Amino acid sequence: MSTMTSVPAPARSDRSARGLRLGGMNWLIWRQHRAAFWTLLAATAGAVLLIAYERSQLMSYLDLQGWPHLKDGWEQHLDTSAMDRISLGLGLAPVVIGVFLGAPLLANDLETGTAKLVNTQSTSRVRWLVTKLGMAVAVVVLCSTVVSVAFGWWWAPLKGLTAGPSWDTATVFDNTGPVPVALTLFTVVGGVAIGMLLRRTLMSMVVTFGFGVATQIAWAYKRMSLGHLQVATTHNGVLADNSFPVLPNSTHVIDQFYLTSSGSYIGYGNCHEATASATNACLDQKHVVGWAVTYLNQSQMSGMQWLGAAILFALTAAIAAFVLLWGRKRLV
């Protein structure tokens, strides 16, 4: 009687049994910086959960006030202190991420000699640099985008209302749209370049901290100059009750001037005299006929954010190109 021999099924490879895994250079970079990457991902998840909770609290209050048709005086007990506190933490995030992820990304390898070891392998310097930058950028973009969308979702019910953080404050402007992504990327890639040049981890972190703080200060100083100024004027004098221009809701006032009969502007302090009669005499002498107010509309918010982000993205790309070009020849 013939016997039948069973043929064993082909064993699955270890790779398929384990599922998809990073391999080669990607695996090396992820493993090397996994603590920073996982910390950033976990912090993002925590921030989103906190924002979701605070938004539920906000919507519960607004629903009690008849949302979306709010009762008179609804804003009296509105508490947006949590939004201000969380926005402060998010505002510090680009600096913190730049210090603890960007600065050590290359500086630590250069200081410990890991970069020389990599250079002896078959992997080129450019591929190593591209993988390092690419993985860090991917994690940063993912996390900052998620937080930006979540914060914008939280603020959306207050958009255009008289209560709560205004669109022109750092609370809203710097934590929604593309701005958080652009600021974080710029600080992180700047930290990478600083670490590459200084080749010392601790020193690079300190300098990156200063770089990040300077970036935040410069951004705060310049962000409102990204809009197109609009002007509202009146010709009813400057002392009457109806002399000041009526501005649209949610405007950001830049400056106010006296308007003369020739159409020119003079500073408000030019006729700030001690007595009413002296003030009137000054106004008559300078032929002041009304007010001129320069302002920005809330409708410009998105355009201003994208313009500022585009500038930061371009600067980030330039720094990344410098890192690749410098590192290709002079990294080790």
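Coordinates for the structure precede this section.
Calculation notes
Residues numbered from 1 in each chain as written. Predicted model: local features only at pLDDT ≥ 70, side-chain atom pairs only at ≥ 80, totals over all residues. Heavy atoms only, no water. Buried < 20%, exposed > 50% of the residue type's maximum accessible area, 1.4 Å probe, protein only. Helix = DSSP H or I, 4+ residues; strand = E, 2+ residues; numbered from the N terminus. Arc of directions from axis to C-beta. Contact = heavy atoms within 4.5 Å. Pairing = 2+ DSSP bridges. Axes fitted to C-alpha atoms, helices over the stretch in contact; angles between N-to-C directions. Salt bridge = Lys/Arg side-chain N within 4 Å of Asp/Glu carboxyl O.

## Observations concerning helix α10 (residues 276-285)
Thought 1: Along α10, the residues classified as buried are Thr-279, Cys-282 and Leu-283. Viewed end-on, α10 has its buried residues packed into an arc of 100°, placing them on one side of the element. More than 90 degrees from the buried face of α10, the exposed residues found are Ser-277, Asp-284 and Gln-285.
Thought 2: Among the structural elements, β2 (252-260) and β4 (288-296) are those in contact with the buried residues of α10.
Thought 3: Following α10 by one or two positions, His-287 has its phi on the positive side, about 60°.

## Some words on the sheet that holds strand β1 (residues 230-233)
Thought 1: Pairing within the open sheet is antiparallel, and its four strands lie in the order β1-β4-β2-β3. Two strands in the sheet have a free side with no partner beyond their single neighbour: β1 and β3 (265-267). Sheet twist, expressed as the average angle between the axes of neighbouring strands with direction ignored, equals 40°.

## Looking at the pairing of β2
Looking along a regular strand, one sees the side chains alternate between the two faces of the sheet.
Thought 1: Here β2 pairs with β4 via eight bridges, running antiparallel. Each bridged residue has a counterpart across the sheet, and for Gln-256 the counterpart in β4 is Val-293.
Thought 2: Pairing of β2 with β3, which is carried by three bridges, proceeds in the antiparallel orientation. Each residue of the ladder has a partner; that of Tyr-258, found in β3, is Ile-266.
Thought 3: Hairpin connection of β2 to β3: four residues between the antiparallel strands, including Gly-263 at a positive phi of 90°.

## Things to note about unusual backbone geometry
Among all residues save glycine, negative phi is the norm, and among peptide bonds the norm is trans.
Thought 1: Following Trp-67, the chain continues to Pro-68 via a peptide bond in cis, the omega torsion being 5°.
Thought 2: Position of Pro-68 relative to the elements: it lies in the loop between α3 (34-64) and α4 (81-112).
Thought 3: Of note in this structure, Arg-199 is not a glycine but carries a positive phi near 60°.
Thought 4: Relative to the helices and strands, Arg-199 is located in the loop between α8 (179-198) and α9 (201-222).
Thought 5: Its identity as a non-glycine residue notwithstanding, Ser-250 has a phi of 60°, on the positive side.
Thought 6: Looking at the element boundaries, Ser-250 is found in the loop between β1 and β2.

## Observations regarding the pattern of salt bridges
Thought 1: In the structure shown here, the tally under the stated rule is two salt bridges.
Thought 2: One salt bridge connects Asp-109 with Lys-132, and the closest N-O pair in it is separated by 2.5 Å. In this pair, Asp-109 sits in helix α4 while Lys-132 sits in helix α6 (residues 125-155), placing the two residues 23 residues apart along the sequence.
Thought 3: We classify Asp-109 as buried; its relative accessible area is 1%.
Thought 4: Two residues, Arg-223 and Asp-174, come together in a salt bridge whose shortest N-O distance is 2.9 Å. With Arg-223 in the loop between α9 and β1 and Asp-174 in the loop between α7 (170-173) and α8, this pair connects stretches of sequence that are 49 residues apart. In terms of burial, Arg-223 and Asp-174 fall into one category: buried.

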